[in-house]
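Spelled out from the first residue to the last, the chains are:
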Amino acid sequence: MAIWVFVEHREGTIRKVCYQMMGKARELADKAGQELWAVVLGQGAESVAEEIAAYGPPQKVLLVESEALAQYTSDAYGKVLADLIAQHQPAVVLFGATLTGKDLSPCVAARLGCGLATDCVGLDIDGQGNLTARRPIYAGKAYVEVSFEGRPQMASVRPNAFPMPAPAAQ
């Protein structure tokens, strides 16, 4: 079992929320006794994979490069990511609650027939190794704790919900 972070990037620049998720995902993976994986899709994204490897740090960086992934489309990214999840069976998959993350995460969840908690501001792992997510409701006037059954457990994380981790010493 592993916790995956989808690493969103554009023209070689990683979205800030991805670093933040890597730090939080490292905490969750340690608490659950699971591996942390970073997942990078694109074309010419090797430098992105190398950079994100310093944050967390993940045990594995899964890099998929293809001409079909040169520009983001929900169909191409959704199919590739859903196929990877079906193949490797991670316990948890995290996305940034960015424009791309808000488009991609429900696409992947629908392909896999699993639940998704969106725009989360808090994440934890319970005693059974299941993800719990805190997310705002009623225009942020209240919060709800979301728990999951089955695998994978998917959530999108609001930017700046978690602190920026320092890179690991290399």
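Now for a quick tour of the structure.

Calculation notes
Residues numbered from 1 in each chain as written. Predicted model: local features only at pLDDT ≥ 70, side-chain atom pairs only at ≥ 80, totals over all residues. Heavy atoms only, no water. Pairing = 2+ DSSP bridges. Helix = DSSP H or I, 4+ residues; strand = E, 2+ residues; numbered from the N terminus. Axes fitted to C-alpha atoms, helices over the stretch in contact; angles between N-to-C directions. Contact = heavy atoms within 4.5 Å. Phe/Tyr/Trp six-rings, centres within 6.5 Å; stacked < 30°, edge-to-face > 60°. Buried < 20%, exposed > 50% of the residue type's maximum accessible area, 1.4 Å probe, protein only. Polar contact = N/O pair within 3.5 Å; in protein donor to acceptor, adjacent residues only side chain to side chain.

Focus on the sheet that holds strand β8 (residues 122–125)
Link 1 in the chain: Spatially, the 3 strands line up as an open sheet ordered β8-β9-β10, and their pairing is antiparallel. At either margin of the open sheet sits one strand with a lone partner, and together these are β8 and β10 (142–147). When strand polarity is set aside, the average angle formed by the axes of neighbouring strands in this sheet is 25°.
Link 2 in the chain: Helix α1 (residues 16–32) contacts β8 and β9 (131–137) of the sheet and is inclined by roughly 20° relative to β8.

Here we look at the packing of aromatic side chains
Link 1 in the chain: For the structure shown, the criterion picks out 5 aromatic pairs.
Link 2 in the chain: For the ring pair phenylalanine 6 and phenylalanine 95, a centre distance of 5.9 Å and an interplane angle of 40° mean the geometry is tilted. Of this pair, phenylalanine 6 sits in strand β1 (residues 2–7) while phenylalanine 95 sits in strand β6 (residues 92–96), and the two are 89 residues apart along the sequence. Judged on exposure class, the residue phenylalanine 6 and its partner phenylalanine 95 are both buried.
Link 3 in the chain: Among the aromatic side chains, those forming a connected cluster through ring pairs are Phe6, Tyr72, Tyr77 and Phe95.

Details of the side chain of glutamate 8
Link 1 in the chain: Inspection of the secondary structure puts glutamate 8 in the loop between β1 and β2 (9–10).
Link 2 in the chain: Residue glutamate 8 is classed as buried on the basis of its relative accessible area, which comes to 7%.
Link 3 in the chain: Of note is the side chain of glutamate 8, whose polar atom sits 3.3 Å from the side chain of threonine 100.
Link 4 in the chain: Contacts of glutamate 8, omitting those with residues within four sequence positions, involve Thr13, Ile14, Arg15, Cys18, Thr98, Thr100 and Gly101.

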